[in-house]
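Each chain, written out:
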Amino acid sequence: MPDYLVVLDIPSIKQYVFMTHKLKEIQGASIILDKLNRIDFYKQLATYLPSKKIDPIYANGGSAMFVVSDMEEVPLQMALAALEGHVKRVTCGGASIVWGLSEYKNDFNLEIKIAHFDLSIKRHQSVPAESIFHSPFSKECDSCSRLVAISDIDEDWLCPVCKTKRDFSSQRTGIWQEFNNYLSQKFNLKNPANRPTDFSEIGKACDGDFLAIVYADGNSIGRLIREINTKKRFKNFAQVIDSSIKLACFDALTKIFLNIIEQEGNGNISFPADILLLGGDDLLVALPGDKALSFAYNASIIFESLTKKFFTETKDNFFNEKLGGMGSTISFGIALGKSHYPFRVLLSQAEELLRCAKIAGSQDPDAKDFYIPSYLDFHLSSQSHQLNIPHIREIDYSFERNIGEGTLKYSRTFRPYKTQDLKKLFDVASNLKAINFPKTKLNGLYRAAMENRSQSMLETIRIATRCKEGERKVLLEALELFDCRETMPWSPGNRTFVTELVEFYEFMS
Ligand SMILES: [Zn+2]
């Protein structure tokens, strides 16, 4: 009997997790998916097929791959259909799976492509997961407003999908539990860390009540995966990426909250942060506004060094060659807003910012073959009626100046930042804070940067002249660091860093 390569996927995973914007339901959805994906996929298949014939290659981030050996296609398809039924049952129809098959012979690379092609056809044929009769007389769910409410929990009338998520949110499994295991090992904590129950708890930990949604994703991981030509290599790679992103996230969280861990010790630690999704090369975290940049910076460095260490030390030189001796990298989109700001707006801005960061990374001069430097992009939502990031950057952060026959484009920001360059911005903020640089002058610099070229130059020079000697020294050093001193506040490439410096001044700690 033939062997089969099976690829599985939970389509629209984010749509399921973020169908509602209540933190408890997001936590529950994340726990459900994590358990289905990492545990139940294999366990369910093993109830219908002999377990010794199933070889799991990977299972995370809502996807999975197995090799099932010595098997007819019909019982395999039946087992997969039974797994599909299980996923629908557990999520009350909120999520489902699709799968693709390919005979597994001796061309792993080609067989993966065939299985994924099969999967993509099924994905297009699949119908939206949930569909419940909704009459004008039925009560709709207080949370998702899409399905019929069936039960009353904490004074909310909920549909089965939202109720299941709410029920699962208190379970001590999933990624938060893994974080707790990591904490108890590393810091010898007796009590597990409490998870926040809503986004306002996270925002409150930052002066001014700012919440950040941080979205990260691996750079050119998909492209690299398509090059992998053996099962063993694939297994190793998936394992390295998954464990590295997890460890990078946990390490970065403990770094930025070390004071809380040390202060609370063996009491009950309440982290003002949450890991909303983590798996594969994807990471989505909610943090207090003033911790987000620092978290992303640390997580990026840790991830790259962990993967680099593995790829250079392992006997197999495949990844080391593909990456030119470097590690894999992740890029970040960071959206900040008041914690009562609509979550869906912050989430979609974080997604857009991540896209901007990835594009900038791929255009970086250091990008080579499969190595793309880590970039991050960040934005603070104000009362602006604009929501779309590229649009905001075009309207508010750039202008053109006529010069003779043509025009010169000016950008009032250096964003997206190469992650390693973010340190410059932190250094500038920290030097200015160290001498108590007056806020009025900072705001003056910001207003100047929002003017046209000549007006902004005049105004910046005027502020620099009026500074006390010590203030002027630090300001000029800051401008120098970004190559913006000569034609202050503009760099030779017609950009300035002043807007992000002032907007994020209080968020750089
Ligand atoms: Zn609902």
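Residues numbered from 1 in each chain as written. Predicted model: local features only at pLDDT ≥ 70, side-chain atom pairs only at ≥ 80, totals over all residues. Heavy atoms only, no water.

Here we take up the coordination of the zinc ion. Geometrically, a metal with four donors at the corners of a regular tetrahedron has ideal angles of 109.5 degrees, and one with six donors at the corners of a regular octahedron has ideal angles of 90 or 180 degrees. For the zinc ion, the full set of protein donor atoms is Cys141 (SG), Cys144 (SG), Cys159 (SG) and Cys162 (SG), at a range of 2.3 Å. If you look at the zinc ion, its four donor atoms make angles of 105 to 114° with each other, and the shape they trace is tetrahedral. Positions of the donor residues of the zinc ion along the chain correspond to the pattern C-x2-C-x14-C-x2-C. Across the pair, Cys144 and Cys141 agree in class, each one buried. (Donors = N, O, S within 2.8 Å, 3.2 Å for Na, K, Ca; no water. Tetrahedral: all angles 85-135°; square planar, octahedral: opposite > 155°, others 65-115°. Buried < 20%, exposed > 50% of the residue type's maximum accessible area, 1.4 Å probe, protein only.)

Moving on, we get to the packing of helix α6 (residues 175–187) against helix α9 (residues 231–256). At their nearest, the axes of α6 and α9 sit 11 Å apart, and the two run at 60° to each other. It follows that α6 is oblique to α9 by the angle criterion. For the element pair α6 and α9, the recorded crossing hand is right-handed. For the pair α6 and α9, contact is made by Ile175, Glu178, Phe179, Tyr182, Leu183, Lys186 and Phe187 and by Lys246, Leu247, Phe250, Asp251, Leu253 and Thr254, respectively. (Axes fitted to C-alpha atoms, helices over the stretch in contact; angles between N-to-C directions. Helix = DSSP H or I, 4+ residues; strand = E, 2+ residues; numbered from the N terminus. Parallel < 35°, antiparallel > 145°, perpendicular 65-115°, else oblique. Left-handed = near helix turned anticlockwise from the far one by under 90°. Contact = heavy atoms within 4.5 Å.)

Turning to the nonpolar core, a few remarks are in order. Counting residues in hydrophobic clusters, the biggest one holds 101 residues, and the most contacted among them are Leu253, Ile275, Leu287, Phe295, Ile334, Phe497 and Leu501. In this structure, Ala64, Leu76, Leu101 and Leu277 belong to the second largest nonpolar core, which totals 64 residues. (Core = buried A, V, L, I, M, F, W, Y, C linked by side-chain atoms within 4.5 Å.)

Glancing now at the layout of surface pockets. Volume-wise, the largest pocket comes out at about 870 Å³. Of all the elements in the fold, those that place two or more residues in the lining of the largest pocket are β1 (4–9), α1 (13–17), β2 (54–60), β3 (63–68), α4 (108–125), β7 (210–218), α8 (221–225) and α9. A total of six residues in the lining of the largest pocket trace back to one element, the largest contributor, which is α4. Looking at the lining of the largest pocket residue by residue, the class counts come to 19 nonpolar, ten polar and nine charged. Both of domain 1 (4–125) and domain 2 (175–387) provide at least three residues apiece to the lining of the largest pocket. (1 Å grid on protein atoms, 1.4 Å probe; cavity = no way out; pocket = protein on both sides within 12 Å on 5 of 7 lines; lining within 4 Å. Points joined across faces, edges and corners; volume = space filled by probe spheres on them. Nonpolar A, V, L, I, M, F, W, Y, C, P; charged D, E, K, R; others polar. Domains from an automatic or database assignment.)

The subject of this paragraph is the domain arrangement of the protein. Partitioning the protein into domains gives domain 1 (4–125), domain 2 (175–387) and domain 3 (397–507). Placing the centre of domain 1 and that of domain 2 at their C-alpha centroids yields a distance of 25 Å. In this complex, domain 1 contributes 25 residues to the contact, which on the side of domain 2 involves 31 residues. The closest approach of N and O atoms between Asp282 and Lys14, which form a salt bridge, is 3.9 Å. Across the domain 1-domain 2 interface, the total number found is eleven residue pairs in polar contact (both at pLDDT 80 or more). Elements with a minimum of two residues in the side of domain 1 that touches domain 2: α1, α2 (23–48), β2, β3 and α4. Here the side of domain 1 that touches domain 2 gets eight residues from one element, more than from any other, and that element is α2. Residues of the side of domain 1 that touches domain 2, tallied by class, amount to 13 nonpolar, six polar and six charged. (Salt bridge = Lys/Arg side-chain N within 4 Å of Asp/Glu carboxyl O. Polar contact = N/O pair within 3.5 Å; in protein donor to acceptor, adjacent residues only side chain to side chain.)

Next up on the list: α6. Between its terminal C-alpha atoms α6 stretches 18 Å, which fits the 18 Å expected from 13 residues at 1.5 Å a residue. Within the span of α6, buried status applies to Ile175, Trp176, Phe179, Asn180, Tyr182 and Leu183. End-on view of α6: buried residues confined to an arc of 160°, all on one side of the axis. Of the surrounding secondary structure, the elements contacted by the buried residues of α6 are α2, α9, α10 (258–264) and β8 (274–279). Phi for Asn188, located one or two positions after α6, is positive at around 60°. (Expected span 1.5 Å × (residues − 1). Arc of directions from axis to C-beta.)

So, on to the packing of aromatic side chains. If you walk through the whole model with that rule in mind, you get 27 aromatic pairs. For the pair Tyr104 and Phe108, a centre-to-centre distance of 6.3 Å together with 90° between the ring planes defines the contact as edge-to-face. Its relative accessible area of 3% is what places Phe108 among the buried residues. Ring geometry for Trp176 versus Phe179: centroids 5.2 Å apart, planes at 65°, classification edge-to-face. (Phe/Tyr/Trp six-rings, centres within 6.5 Å; stacked < 30°, edge-to-face > 60°.)

Another aspect to go through is the pairing of β1. A regular strand places its side chains on the two faces of the sheet in alternate fashion. With six of six residues buried, β1 lies mostly within the body of the structure. Burial along β1 is two-sided: the face carrying Tyr4, Val6 and Leu8 and the face carrying Leu5, Val7 and Asp9 are both buried. Here six bridges tie β1 to strand β4 (residues 98–103), and the two strands are oriented antiparallel to one another. Paired with Val6 across the strands is Leu101, a residue of β4. Examined bridge by bridge, β1 and β3 share six bridges and lie antiparallel to one another. (Pairing = 2+ DSSP bridges.)

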